[in-house]
Amino acid sequence: METTPQLPTGPTDLLLRWNHGDNKALQRLIPQVYSELRRVASRVMARERRDHTLDATGLVHEAFLRLHAAQAPACHDRGHFIALAGRMMRQVLVDHDRRVSAQRRGGGLRRVTLDDGAEAFGSRPEDTLALNNCLKRLEALAPRKARVIELRYFLGLSVSETAAALDLSARTIALDVRFARAWIAAELRGRPRDGA
């Protein structure tokens, strides 16, 4: 009796199938990486204000909905996928905070800093929005440096995890963080800065 060959079902194989337009592959991938996404979301939500209406589970689900609706980007491996999901989580929080901030009257944006060891995103919606706007400006000048900051500070990935997700060396990550932190600090203070 002849059997039909099974399609590969590992994360990398499912990513490749999703990259080629198979949305069912994404649906099969999520359960395989769910616990990792949940850990990332828990780290992210731990930095948010206590009265936030989203929790880690809700954040993962919102990110999944956005991933499902998006055109499949080129993800090479599990690390790239986690980084992409993290970017979606960041966007979910930014959009949420924009809605909250828009509902407030007279709530001007407050400037925040990115200090060594500090969370890149503060506990108030205005903090998230200010840093998101700054990160967008950095991304226009130096996309890789912006991605490094996003992964290191927003998602809380280690240097080695960030290096793996971006296919870079740990040394390059450290240099990018150093440059980007200085650039962001100058940007948040409103001082002129050198190009990226």
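Residues numbered from 1 in each chain as written. Predicted model: local features only at pLDDT ≥ 70, side-chain atom pairs only at ≥ 80, totals over all residues. Heavy atoms only, no water.

### Details of helix 1 (residues 11-19)
Within helix 1, the full set of buried residues consists of Leu14, Leu15, Arg17 and Trp18. Across the axial projection of helix 1, the buried residues extend over an arc of 165°, all falling on one side. Two residues or fewer past helix 1, Gly21 is found with a positive phi of approximately 95°. (Buried < 20%, exposed > 50% of the residue type's maximum accessible area, 1.4 Å probe, protein only. Helix = DSSP H or I, 4+ residues; strand = E, 2+ residues; numbered from the N terminus. Arc of directions from axis to C-beta.)

### A closer look at empty space enclosed by the protein
Across all of its chains, the model carries 2 cavities of 30 Å³ or more by this definition. Of the volumes computed, that of the second largest cavity is approximately 50 Å³. What lines the second largest cavity is Ile30, Leu37, Val60, Ala63, Phe64, Leu67, Ala85 and Met89. It is helix 3 (residues 56-69) that provides the largest number of residues to the lining of the second largest cavity, a total of 4 residues. Residue classes in the lining of the second largest cavity are distributed as 8 nonpolar, no polar and no charged. (1 Å grid on protein atoms, 1.4 Å probe; cavity = no way out; pocket = protein on both sides within 12 Å on 5 of 7 lines; lining within 4 Å. Points joined across faces, edges and corners; volume = space filled by probe spheres on them. Nonpolar A, V, L, I, M, F, W, Y, C, P; charged D, E, K, R; others polar.)

### With respect to the packing of helix 1 against helix 2 (residues 23-46)
For the pair helix 1 and helix 2, the least separation of the axes is 8 Å and the interaxial angle reads 150°. Here helix 1 is positioned roughly antiparallel relative to helix 2, judged by the angle of their axes. Read as a crossing pair, helix 1 and helix 2 show a hand that is left-handed. Within the contact between the two elements, helix 1 uses Pro11, Leu14, Leu15, Arg17 and Trp18 and helix 2 uses Asn23, Ala25, Leu26, Arg28, Leu29 and Gln32. Partitioning the contact of helix 1 with helix 2 into residue classes produces 7 nonpolar, 2 polar and 2 charged. (Axes fitted to C-alpha atoms, helices over the stretch in contact; angles between N-to-C directions. Parallel < 35°, antiparallel > 145°, perpendicular 65-115°, else oblique. Left-handed = near helix turned anticlockwise from the far one by under 90°. Contact = heavy atoms within 4.5 Å.)

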